[in-house]
Amino acid sequence: MTTTATRSPARADQRRTVGTVLGKLRPRRNPWRHAWFLEGFTWLYLIWSLLPVALAVLFSFNNGRSQSVWQGFSWRWYYQDPVNSVLHNPDLHAAVIQTLRLSVYVTLITVPLGVAFALGINRWRGPVASSFNFVMILSFVIPELIFGVAMFFVFTRLFTSVGLGSLAEVLALVTWNVSWPALIVQARLVTIGRHYEEAAADLGATPWQVTYRVMMRLLAPAIFASAVLVFSGVIDDFVLVDLLSSNSGNTPMSVYIYSQQRGGNGGPALNALGTIMLVMSFAVAIVGYVGYRWLTRGERGSRIDALTTIAGEG
Amino acid sequence: VTGPSGGRSQHRLFWAALAAPGIIWLALLFIVPFYAILAIAGGQLDLFGNPVAVWNPLHWSSANFTGAWHDVAGASAFVGPIILRTLLYVALASVISLVIAYPAAYFVARFAGRRKALFLILLIAPFWISYMMRMLAWIDLLQTNGYVNKVLSWMHLISQPVDWLGGMWITVVLGLVYGYIPYLILVLYAGLDRIDQALIEAGRDLGLGRVRTFVRVTLPMSRQAILTGMLITVLPMLGDYFTNQLLSGTTGTAMFGNVIDDQLTSSGGVLAGQGAVFSLLFLLVLIAPMIYYVGATNRSSRGAT
């Protein structure tokens, strides 16, 4: 007790001097205070970003022909109207079906193609492999309009048996999206490293067994994430299908909305179509998130990692 | 069973076989199509003025190139002002995007705390909403009897409804901002989130204020993200032909993408050859930023942990 009693005044004094020196250096306000201005700004941005879409969804339930004046709630544009509802207008529901068909076909072709490509390129190495890897990344960054022009020419002038229509759309969309699985799987391969593979090979597994029994299991989250990205990317795609569709039977929702609205044939039925697209995409996103979390259970990754991966920014 | 060297070459064959379908696909449906653009651009015109593809480079002609040149510089030139307008719109739209996106991404990356997942969901949400639906939303709001005019006249900012969709450049520029900003925000968020918090704390501990820490530490460290994010928004904006069609529809706001799209589809494709030339020109201008982006993607995918 005595020692502390004798030492404490000196120490308090010392602490006071240090305190005043620090006080001069330290900014007057709490440096870790909450950024209220930035938060307000962010909320304003989010309102600006999402409120218009919410209103557009609302107007799909409008009981009138206007897309801008509210006239009461109804399911008219979904199924009640005998002529212009999504259910009864053949062009409208053909658009829904075409979007779904394209998404399924393109995902089923793109994902195996891209995964095999990524595995092969990553292990093969050599000039051919690296130059085609370059081509693949180029297809990721090329402006869609230029790629669409190239596709338009190749199907109308060279591979004329393909022509315009569903087949052209599928072929173009697969090429456009194949970089998703290829890039994501390659990134995952880097993370995994080669230990598991080498262990399996040392235990006598053939390359096929290594690929099928070891790599496919380890790559499952990456493959799943890329399937989600491809599926939703096809729902949202516009430029390629706009250039390559030829009639109402092969016109997906995005192109239908564009051409009708631009042609002055707008109306809440288009909002209904857009809402259906939105529900489809959100369903894919939720399935994607839940599925990705399930596949990566037991890993260190957080909810946030799963979110950014499903959005293509992993 | 096989010796080590035999085994390895066998393995190489296996991997090559695995990559082969993708390689053939890309060769046939990515490389060949670009050659098709060249073949049309270098092709000749038949008796009716229709472009004919010429597959042998030795027989290429300059007919389409002179045609395209007349569009740019001849007596009936119309492309020059469109190119200028496109550059202006895109420059303006990308600067506005950055000014809006950076603070929002910065907030979510640094200050959102436990609500980060919520903010991220809201930031990502536009990814899952179709571009056309998002444009449709603004078309609804910007009608002459729409909510934008109602709110503005309620605030006494305008005396009579403004025809926002009648060819106003500001509508098109803000439409571009609205359309492409989610991509920019996510890239900026990812870049800002990667910055080690300890570096920022060090800046603060060494006596820098909030603003100076930002300018001296955070901003330089997010330069890469800004560059990539700008590329990711500017490249598609330059090729955009649908935003201005939906939000204005007049030739007074036409952009470079419209030139290509029109020449491809209108008047039975007579001008497709010039469309091919303009596509090549477009590609040529963008090749440098694209290669830069490929390099950045390569680096980050190799360095990913």
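Residues numbered from 1 in each chain as written. Chains lettered and ligands numbered in written order. Predicted model: local features only at pLDDT ≥ 70, side-chain atom pairs only at ≥ 80, totals over all residues. Heavy atoms only, no water.

**Notes on the overall build of chain A**
Within chain A, the secondary structure is distributed over 14 helices and zero strands. Reading the helices (α) and strands (β) of chain A from amino to carboxyl end gives α-α-α-α-α-α-α-α-α-α-α-α-α-α. The proportion of buried residues among the 314 residues of chain A is 53%. Expressed as a percentage of contacts within chain A between residues at least 6 apart in sequence, the contacts between residues at least 24 apart total 66%. Roughly 14900 Å² of accessible area belongs to chain A as shown, and the carbon and sulfur atoms make up 63% of that amount. (Helix = DSSP H or I, 4+ residues; strand = E, 2+ residues; numbered from the N terminus. Buried < 20%, exposed > 50% of the residue type's maximum accessible area, 1.4 Å probe, protein only. Contact = heavy atoms within 4.5 Å. Areas by Shrake-Rupley, 256 points an atom, 1.4 Å probe, with all protein chains shown as cover.)

**Some thoughts on the interface of chain B and chain A**
Tallying the contact residues gives 103 residues for chain B and 101 residues for chain A. Summing both sides of the interface, chain B and chain A together bury roughly 9500 Å²; the carbon and sulfur share of this comes to 79%. Broken down residue by residue, the surface that chain B buries against chain A is led by Trp15, Trp25 and Trp128 of chain B, which jointly contribute 9%. Here chain B is connected to chain A by one salt bridge. With its nearest N and O atoms 2.9 Å apart, the salt bridge here joins arginine 115 of chain B to glutamate 39 of chain A. Per-element tally for the side of chain B that touches chain A: the top contributor is helix 1 (residues 4-41) of chain B, with 23 residues. (Buried area = accessible area lost by both parts, 1.4 Å probe. Salt bridge = Lys/Arg side-chain N within 4 Å of Asp/Glu carboxyl O.)

**A word on the environment of leucine 203 of chain A**
Of note, leucine 203 of chain A is situated in the loop between helix 9 (195-202) and helix 10 (207-236). Along the primary structure leucine 203 of chain A and proline 82 of chain A are separated by 121 residues, whereas in three dimensions their C-alpha atoms are 67 Å apart.

**Re the pattern of salt bridges**
All names here are of chain A. Following the criterion strictly, the structure yields five salt bridges over all chains and no others. For aspartate 81, the salt bridge is made with arginine 76, and the minimal N-O distance between the two is 3.2 Å. The burial state of aspartate 81 is the same as that of arginine 76; both residues are buried. In this structure, glutamate 197 engages arginine 123 in a salt bridge whose closest nitrogen and oxygen atoms are separated by 2.3 Å. Of this pair, glutamate 197 sits in helix 9 while arginine 123 is found in helix 4 (residues 90-124), placing the two residues 74 residues apart along the sequence. Taken together, the salt bridges that share partners define one network made up of Arg123, Arg194 and Glu197.

**Let's talk about unusual backbone geometry**
Look at histidine 156 of chain B: it is not a glycine, yet its phi comes out positive at around 60°. Position of histidine 156 of chain B among the secondary structure elements: in the loop between helix 6 (147-154) and helix 7 (169-194).

**Topic: the packing of helix 5 (residues 127-141) of chain A against helix 8 (residues 179-192) of chain A**
Residues and elements named next belong to chain A. Relative orientation of the contacting elements helix 5 and helix 8 amounts to 120°, with a least axis distance of 9 Å. One element, helix 5, and the other, helix 8, form an angle in the oblique class. The way helix 5 lies across helix 8 gives a crossing that is left-handed. Only Ser179, Trp180, Ala182, Leu183 and Gln186 of helix 8 make contact with helix 5, whose side of the interface consists of Asn133, Met136, Ile137, Ser139 and Phe140. Split into classes, the residues belonging to the contact of helix 5 with helix 8 amount to six nonpolar, four polar and no charged. (Axes fitted to C-alpha atoms, helices over the stretch in contact; angles between N-to-C directions. Parallel < 35°, antiparallel > 145°, perpendicular 65-115°, else oblique. Left-handed = near helix turned anticlockwise from the far one by under 90°. Nonpolar A, V, L, I, M, F, W, Y, C, P; charged D, E, K, R; others polar.)

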